[in-house]
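# Close look at the chain arrangement
So the chains spell out like this:
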Amino acid sequence: MSSLKSVSFIWLGSLIGSGSTFVLYTLLANRLTVAEFGIFASSLTTATILSLLATAGVSQALLKHFGVEGWNGLRWVSPSFRLLLLSITLSITILLLWSFTGPHDEVTRYTLATLGLFAISRTLIDVVTAKLQLEERFSTLSLWQLLPNLSRLIAVIIGVVLGLSLTSLDIAYIYGIVSAIFIAFAIKELYQMRGDKFRLSGYGEQEFNYQTAPTIKETFSHSWSFGAGSIFAMIYVQSDIVMLKYLSSDFEAGIYNVGFIYLTAIYLLPSALYQKFLLPKFHRWANRDRVTLYKIYKQGAVTMFFVGIFITLLTFGTSDYFIPLFFGEEYI
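The paragraphs below set out a description of the structure included in this document. (Residues numbered from 1 in each chain as written. Predicted model: local features only at pLDDT ≥ 70, side-chain atom pairs only at ≥ 80, totals over all residues. Heavy atoms only, no water.)

Our next topic: the overall build of the protein chain. Scanning the protein chain for helices and strands turns up 12 helices and 0 strands. Along the protein chain, from the amino end to the carboxyl end, the secondary structure elements read α-α-α-α-α-α-α-α-α-α-α-α. For 332 residues, the compact-globule estimate of 2.2 N^0.38 gives 20 Å, and the protein chain sits close to it at 21 Å. Across the 332 residues of the protein chain, 49% fall into the buried class. A separation threshold of at least 6 residues defines the contact pool for the protein chain, and within that pool the share at least 24 residues apart is 83%. As presented, the protein chain carries roughly 16800 Å² of accessible surface, and 67% of it is formed by carbon and sulfur atoms. Charged side chains in the protein chain number 23 positive and 20 negative. The centres of these two groups are separated by 11 Å. (Helix = DSSP H or I, 4+ residues; strand = E, 2+ residues; numbered from the N terminus. Rg over C-alpha atoms; globule rule 2.2 N^0.38 Å. Buried < 20%, exposed > 50% of the residue type's maximum accessible area, 1.4 Å probe, protein only. Contact = heavy atoms within 4.5 Å. Areas by Shrake-Rupley, 256 points an atom, 1.4 Å probe, with all protein chains shown as cover. Lys, Arg positive; Asp, Glu negative; His and termini not counted. Charge placed at Lys NZ, Arg CZ, Asp CG, Glu CD.)

See below:
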């Protein structure tokens, strides 16, 4: 019953958060020209990919370290944060260099640069998510999933109500302001991992078998594979939008992005279940209960296979109706 309640919290947060994003994109698709929408979508995708470079696999590695070592995983926290600072600096430098030296017009240049704040906030929120997963604070985790997206939606709605003529750069400014706010909240939350306010769940009372803290190099050697996996997965899924911008046009990127948004909404529930609720448990079971790990993995694979077939058929049969309904006839 407790697990059902936790999953429900996560799904609710994911539904509201991703639902807010979906509504936001429908607003943008109807307020911006297709080309402007393409500029914003490709810039946001670029910032998202670089945010994964900035994360450097730290969030996933922390889940693994605590899964293996229990409370002794705390020794990885400080070097992980130092690695995070270096990777964020590198990623934002790359983003700014590409913004101002790449083949961009002025709008794209400043849209990309402003979304650097989004890249930083996404990185820090990802690590905060790992912290909340380790603490099994799923109600708070659901808030972290929904508030950034919901805040951006509210800001855009206010702009629409006020009759402002929003451009892709204006939307980037909104993303930047909201991101700056959540950067501050994320830093405060992460600071607690270095103090006595951190409450690791599932490992009993706080107990240490003191070991030497790893170096940044050792930390990177444990996290880079997680980071690489996330980056290449994102490139596989979303790089099409960026390539279309540079190989074809902003217009084509805008058209393609609508299809991608539609699919992202569909991925929501399985992603929330596996990435938010089950992932920290998988790390714990992998080291302490292989029978449960195999059982849940097998049941999940079979269930997702049949659910996936059903949703595929449903999507194929309804997208011709819903795409123009939500985004406009120009996207048909």
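Glancing now at the side chain of T46. Within the secondary structure, T46 sits in helix α2 (residues 34-55). The exposure class assigned to T46 is buried, which follows from its relative accessible area of 12%. Leave out the neighbours within four places in its chain, and T46 touches L95, W98, L112 and V242.

Our focus in this paragraph is the packing of helix α9 (residues 216-247) against helix α10 (residues 250-266). Contact geometry for α9 and α10: axes closest at 7 Å, N-to-C directions at 160 degrees. By the angle class used here, α9 and α10 are roughly antiparallel. The two elements α9 and α10 meet at a crossing, and its hand is right-handed. Here V237, Q238, D240, I241, L244 and K245 of α9 lie close against α10, whose contacting residues are D250, E252, A253, Y256, N257 and F260. Per-class residue counts for the contact of α9 with α10 are 6 nonpolar, 2 polar and 4 charged. (Axes fitted to C-alpha atoms, helices over the stretch in contact; angles between N-to-C directions. Parallel < 35°, antiparallel > 145°, perpendicular 65-115°, else oblique. Left-handed = near helix turned anticlockwise from the far one by under 90°. Nonpolar A, V, L, I, M, F, W, Y, C, P; charged D, E, K, R; others polar.)

Turning to the pattern of salt bridges, a few remarks are in order. Per the counting criterion, the structure on display carries 6 salt bridges. For E135, the salt bridge identified is with K131, shortest N-O distance 3.0 Å. Of the two residues, E135 and K131 are both situated in helix α6 (residues 116-135); the distance of 4 residues between them amounts to about one turn of the helix. Among the ionic pairs, D250 bridges to K245, the shortest N-O distance being 2.8 Å. Accessibility expressed as a relative area gives 17% for D250, which makes it buried. (Salt bridge = Lys/Arg side-chain N within 4 Å of Asp/Glu carboxyl O.)

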